[in-house]
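Survey of secondary and tertiary structure
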Amino acid sequence: DLAAWAEKASPEEQRAVLEAAWPVLRPEPPAVLSGGMDTMRASVIARAEWRGIRARFTTMLDAEAWESAALMLLPEGCRWSYNSHWGTAILWQNGGIGPQARGASPVPALALIAAIARAQ
């Protein structure tokens, strides 16, 4: 379970958790090989955009910018906060109206990954 692993992981394991989170939280769009030229073109564009985002994610990991990398996995339209006193990240969906998810870790990036995984 990604959320449980993120909460138990040490700061030294941040990269491994984030790398494992990427395909779970941001899967590659499928290749569309039928349905007309417009559909196939849209598929090629979506996959190219995904690869570009993945490259930026890897750049964040290489720079050890753990929180920035974790934020790249935040679902669109979600807000989040981190309470350093309690070591808890809270994720709100739908602009703060939708359900909440929580993750607990003294490491903000790992707490955020746990919250995102629970929201999925």
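Check the entry above for the structure.
Residues numbered from 1 in each chain as written. Predicted model: local features only at pLDDT ≥ 70, side-chain atom pairs only at ≥ 80, totals over all residues. Heavy atoms only, no water.

1. A few points about the overall build of the chain
Summing up its helical and strand segments, the chain has 5 helices and 3 strands in all. Along the chain, from the amino end to the carboxyl end, the secondary structure elements read α-α-α-α-β-β-β-α. Structurally, the chain occupies a C-alpha span of about 55 × 35 × 20 Å along its principal axes. Within the chain, the fraction of its 120 residues that count as buried is 37%. Nonlocal contacts in the chain, meaning residues at least 24 apart in sequence, comprise 46% of its contacts between residues at least 6 apart. Roughly 6900 Å² of accessible area belongs to the chain as shown, and the carbon and sulfur atoms make up 56% of that amount. (Helix = DSSP H or I, 4+ residues; strand = E, 2+ residues; numbered from the N terminus. Buried < 20%, exposed > 50% of the residue type's maximum accessible area, 1.4 Å probe, protein only. Contact = heavy atoms within 4.5 Å. Areas by Shrake-Rupley, 256 points an atom, 1.4 Å probe, with all protein chains shown as cover.)

2. What about the environment of E19?
Tracing the backbone shows E19 in helix 2 (residues 14-25). Given the relative accessible area of 35%, E19 is considered partly exposed.

3. Topic: unusual backbone geometry
A positive phi is found at E64, a non-glycine position, where the angle reads about 55°. Position of E64 among the secondary structure elements: in the loop between helix 3 (37-62) and helix 4 (66-71). Judged by its relative accessible area of 56%, E64 is exposed.

4. What to know about the packing of helix 2 against helix 3
Helix 3 packs onto helix 2 with a crossing angle of 170° between their chain directions and a minimal axis gap of 11 Å. On the basis of the axis angle, helix 2 is roughly antiparallel to helix 3. Side by side, helix 2 and helix 3 meet where R15, L18, E19 and W22 of the first sit next to W50, I53, R54, F57, L61 and D62 of the second. Along the lines of polarity and charge, the residues of the contact of helix 2 with helix 3 split into 6 nonpolar, no polar and 4 charged. (Axes fitted to C-alpha atoms, helices over the stretch in contact; angles between N-to-C directions. Parallel < 35°, antiparallel > 145°, perpendicular 65-115°, else oblique. Nonpolar A, V, L, I, M, F, W, Y, C, P; charged D, E, K, R; others polar.)

5. Looking at the packing of aromatic side chains
Evaluated as defined, the whole model comprises 2 aromatic pairs. One aromatic cluster in this structure is built from W22, W50 and F57. A cation over a ring is seen here: R79 above W92, with NZ or CZ 5.7 Å from the ring centre. (Phe/Tyr/Trp six-rings, centres within 6.5 Å; stacked < 30°, edge-to-face > 60°. Lys NZ or Arg CZ within 6 Å of the ring centre and 35° of its normal.)

6. Digging into the nonpolar core
Core analysis: the largest hydrophobic core is formed by 31 residues, its most contacted members being L18, F57, L73 and I113. Of the residues forming this core, the biggest block, 8 residues, is contributed by helix 5 (residues 108-119). Those residues within four positions of F57 in sequence are excluded, and the remaining contacts are L18, W22, A69, M72 and L73. (Core = buried A, V, L, I, M, F, W, Y, C linked by side-chain atoms within 4.5 Å.)

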